[in-house]
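As a plain string of letters, each chain reads:
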Amino acid sequence: QLLYDIQFQLDSFVIDLINSRSAAVAIGSSIVKCKFGAVAAAFVAKNDGSFDLDYTLASMTVTDLVTTNTLFPNIVRSLLRTDADNTTHGHAFQFKCQKSFNGDQDVLLNMIAFEIVPSPLLLKEVHAFFVPAKDSGKKKKKPSSSARNVPLPPVPSSRSSTSTDDDVFYD
């Protein structure tokens, strides 16, 4: 009997990282564009303990929008096999995990070749994007010595027991 049958598919999507504070790139402009082809995920589980998990990513391209006049605007791209009629075959990334009812397991991980071109300027900008901004130089004021030595008021929710004077309850 089938317990779960979860299917997810997204045809394609794009992620742009927008600069918000770097001086090297205009604020509000994209620093990198990540294009992903179709993404599919599936999970099927049966009540006998068997399951199938499948994840595929059709393609991936990362475009450098920081380095001007570069010979390699795509710094990461999946090298898919293409036929004469421009039909692509395969997936950039595929992960499968299966477990049968008797406990046999099968794990498959396929990845095609990727072309990766290092871009020091882009790496610096992406790092700056993910690292939190530093303080603007303002130091927090330390509380004055008189403010630090103020005794705390008693906890209003504490009370003594009615049977003895030694018990204290906290709500």
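That block above? That's the structure.
Visitor: Would you mind showing me how to read the pairing of strand 6 (residues 60–64) here?
Guide: Across a regular strand the side chains alternate sides, sitting on one face of the sheet and then on the other. Counting buried residues along strand 6, 4 of its 5 residues qualify, which places the element largely inside the surrounding structure. Alignment of strand 3 (residues 30–36) against strand 6, held across 5 bridges, turns out to be antiparallel. Following the sheet pairing, C34 is matched in strand 6 by V62. Of the strand pairs in this sheet, strand 6 and strand 7 (residues 74–78) are connected by 3 bridges, and their pairing is antiparallel. The partner of T61 across the bridge, within strand 7, is R77.

Visitor: Could you clarify how one ought to interpret the sheet that holds strand 1 (residues 2–10) in this entry?
Guide: For sheets, the rule is that strands pair by backbone hydrogen bonds, running either parallel or antiparallel. Strand order in the open sheet formed by 5 strands is 1-4-5-10-11, and the pairing between neighbours is antiparallel. In the strand order of this sheet, the two ends are held by strand 1 and strand 11 (105–111), each with one partner. Across the sheet, the mean angle from the axis of one strand to that of its neighbour is 0°, orientation sign disregarded. As paired strands, strand 4 (residues 39–46) and strand 5 (residues 51–57) are joined by 7 bridges and run antiparallel to one another. Within strand 5, the position partnered with V39 by the bridge is L57.

The rules we used
Residues numbered from 1 in each chain as written. Predicted model: local features only at pLDDT ≥ 70, side-chain atom pairs only at ≥ 80, totals over all residues. Heavy atoms only, no water. Buried < 20%, exposed > 50% of the residue type's maximum accessible area, 1.4 Å probe, protein only. Helix = DSSP H or I, 4+ residues; strand = E, 2+ residues; numbered from the N terminus. Pairing = 2+ DSSP bridges. Axes fitted to C-alpha atoms, helices over the stretch in contact; angles between N-to-C directions.

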